[in-house]
Amino acid sequence: MTPVCPFVKAAPPDDASSKRPGEFQNKNSIEKENKVKNESADSSGIQAKCPFGYDARSFKLGPFSCIICQALLYESSRCVPCSHVYCKACISRFKDCPLCGIDVEKIEPDTDLQKVVDQFIEGHARVKRSHVSTGAKVSGEDKHVTYEDISLERGAFLVQQAMRAFRGQNIESAKSRLSLCAEDLREQLERSGDKPELCLQLGAVLGMIGDCCRATGDAGSAATFFEESVKFLSKLPTEDMEITHTLSVSLNKIGDLKYYDGDLQASRSHYLRSLNVRRDAMKSHPNVPSLVLDVVVSLAKVADVDRGLLNEDAAVSGFQEAISMVESLTINSDEAGLEQRRLSVLEFIRGQVAERRADPTP
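Below: a short report on this structure. Since we're looking at a predicted model, the values are computed, not measured.

Details of the overall build of the chain
From N to C terminus, the chain includes 12 helices and five strands. Residue burial in the chain is summarised as follows: out of 362 residues, 39% are buried. Contacts in the chain between residues far apart in sequence, at least 24 positions, make up 57% of those at least 6 positions apart. Carbon and sulfur atoms make up 50% of the accessible area of the chain, which amounts to about 20400 Å² in all.

Remarks on the pattern of salt bridges
Scanning all chains against the criterion turns up 13 salt bridges. Notably, a salt bridge pairs aspartate 280 with lysine 283, separated by 3.6 Å at the nearest N-O pair. One end of the pair, aspartate 280, and the other, lysine 283, are both in helix α9 (residues 264–284), three residues apart, so they sit about a helical turn from each other. With relative accessibility at 67%, the residue lysine 283 sits in the exposed group. In this structure, arginine 350 and glutamate 327 form a salt bridge, with 2.5 Å as the shortest nitrogen-oxygen distance. Of the two residues, arginine 350 sits in helix α12 (residues 336–358) while glutamate 327 sits in helix α11 (residues 312–327), which places them 23 residues apart along the sequence. Bridged by salt links that share partners, the residues Asp211, Arg214 and Lys253 form one connected network.

Overview of unusual backbone geometry
Proline 81 follows valine 80 through a cis peptide bond whose omega is 20°. Although it is not a glycine, serine 83 sits at a positive phi angle of roughly 75°. Here serine 83 shows up in the loop between β1 (76–80) and β2 (85–87). What makes serine 83 partly exposed here is its relative accessible area of 35%. Even without being glycine, leucine 310 reaches a positive phi, approximately 65°.

Thoughts on the nonpolar core
Among the nonpolar cores identified, the biggest contains 55 residues, and Cys66, Leu178 and Val205 are the most heavily contacted of them. Within the residue set of this core, elements represented by two or more residues are β2, α2 (88–91), α3 (111–123), α4 (154–167), α5 (171–192), α6 (196–215), α7 (219–233) and α8 (241–260). Residue contributions to this core peak at 10 residues, all from α6. If you look at the next biggest cluster of nonpolar residues, it comprises 24 residues, including Val302, Leu329, Val345 and Val353.

Some remarks on the packing of aromatic side chains
Under the defined criterion, the tally for this structure stands at three aromatic pairs. Judged by centre distance (6.3 Å) and plane angle (75°), the rings of phenylalanine 120 and phenylalanine 157 are edge-to-face. With phenylalanine 120 in helix α3 and phenylalanine 157 in helix α4, this residue pair connects regions lying 37 residues apart in the sequence. For the pair shown, phenylalanine 120 and phenylalanine 157 are each scored as buried. Ring centres 5.5 Å apart and planes at 90° place the aromatic pair tyrosine 259 and tyrosine 260 in the edge-to-face group. The class for tyrosine 259 is partly exposed, based on a relative accessible area of 28%. Put simply, the rings of Phe64, Phe120 and Phe157 touch in pairs and so form one group of aromatic residues.

Side note on the sheet that holds β2
Strand order in the open sheet formed by three strands is β2-β1-β3, with antiparallel pairing between adjacent strands. This sheet does not close on itself; its edge strands, each paired only once, are β2 and β3 (106–109). Here the average twist between neighbouring strands, direction ignored, is 40°. With three bridges connecting them, β1 and β2 associate as antiparallel partners. Residue pairing for β2: arginine 78 is matched across the bridge by valine 85.

Describing the environment of valine 85
Summarising the element assignment, valine 85 is placed in strand β2. Linking valine 85 and leucine 73, residues 12 residues apart in sequence, is a C-alpha distance of 8.5 Å. Excluding residues within four positions of it along the chain, valine 85 makes contact with Leu73, Ser76, Ser77, Arg78, Asp110 and Leu113.

How each quantity is defined
Residues numbered from 1 in each chain as written. Predicted model: local features only at pLDDT ≥ 70, side-chain atom pairs only at ≥ 80, totals over all residues. Heavy atoms only, no water. Helix = DSSP H or I, 4+ residues; strand = E, 2+ residues; numbered from the N terminus. Buried < 20%, exposed > 50% of the residue type's maximum accessible area, 1.4 Å probe, protein only. Contact = heavy atoms within 4.5 Å. Areas by Shrake-Rupley, 256 points an atom, 1.4 Å probe, with all protein chains shown as cover. Salt bridge = Lys/Arg side-chain N within 4 Å of Asp/Glu carboxyl O. Core = buried A, V, L, I, M, F, W, Y, C linked by side-chain atoms within 4.5 Å. Phe/Tyr/Trp six-rings, centres within 6.5 Å; stacked < 30°, edge-to-face > 60°. Pairing = 2+ DSSP bridges. Axes fitted to C-alpha atoms, helices over the stretch in contact; angles between N-to-C directions.

Structure below.
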């Protein structure tokens, strides 16, 4: 699972970043700057950070984190006899405690700690209070204070934890956090209608839950989540490249599941729909190399299924179009990763064509 977090927003600027390295400040300028900061704080609000480090500017492993998956504890379990705590799924892969090295005799659930973690997650949302008549006192004067975000927005926070857990192979933890996020988004959609931003976020999160299900071998549930992802993303205009990418990926994942299930016709239908979404996007963004490569991949997927359906002429035509597009694609020298992907895709498609030539059996 390597999606871009659908909740990503620009981080607030750091005061220090606006200064040139080595810039000299005399005493008067420092006092002036401090005065401006104080006045700004009085008028705009009081900034606060999460005391455990789970904030929008930085991330650290707090007391509720598992050091193995580096996400918040899920099904907290305590090692005996050392009492170090990890996620159940994480520590179950070890015979020795990763922290102290002692032999783990048994693992016991720490339900009390898990309750605290769950309460922390439940309360770790956007905290923003509007101006009220009984504002907080600042510098001895009555001031109306707005308490700004103490953390990431809840959705971004949950997705961040889920992605950490997924990379740490704690799939159930990732699925749990994403399910909470999806529940929040559904509630927001019920209150505000089909807002594009919410539909995009929910579509992306549902796709991530589908990835979790697929990772655990639950293909049926994975297909259900991918299809629901497509339903929400299909409500949005496809001129936006982020929407196009997320929608086409979900369609391809459904196609993959159908392909491995042996339903080639259904697989081709989803691959072709993904291809059409990407072709339409190229009309608005004709010179985007990553989008061109996405179209090439979709062409190869459709051609591969056509070959499986014994429609060799269509397969050859699809592979040839894909090869032509990827060979003519020009990528800037500073985009080494994209060039590597281009070469990899080209090698794969040429291999598919060569394989057929070596085995001409109808």
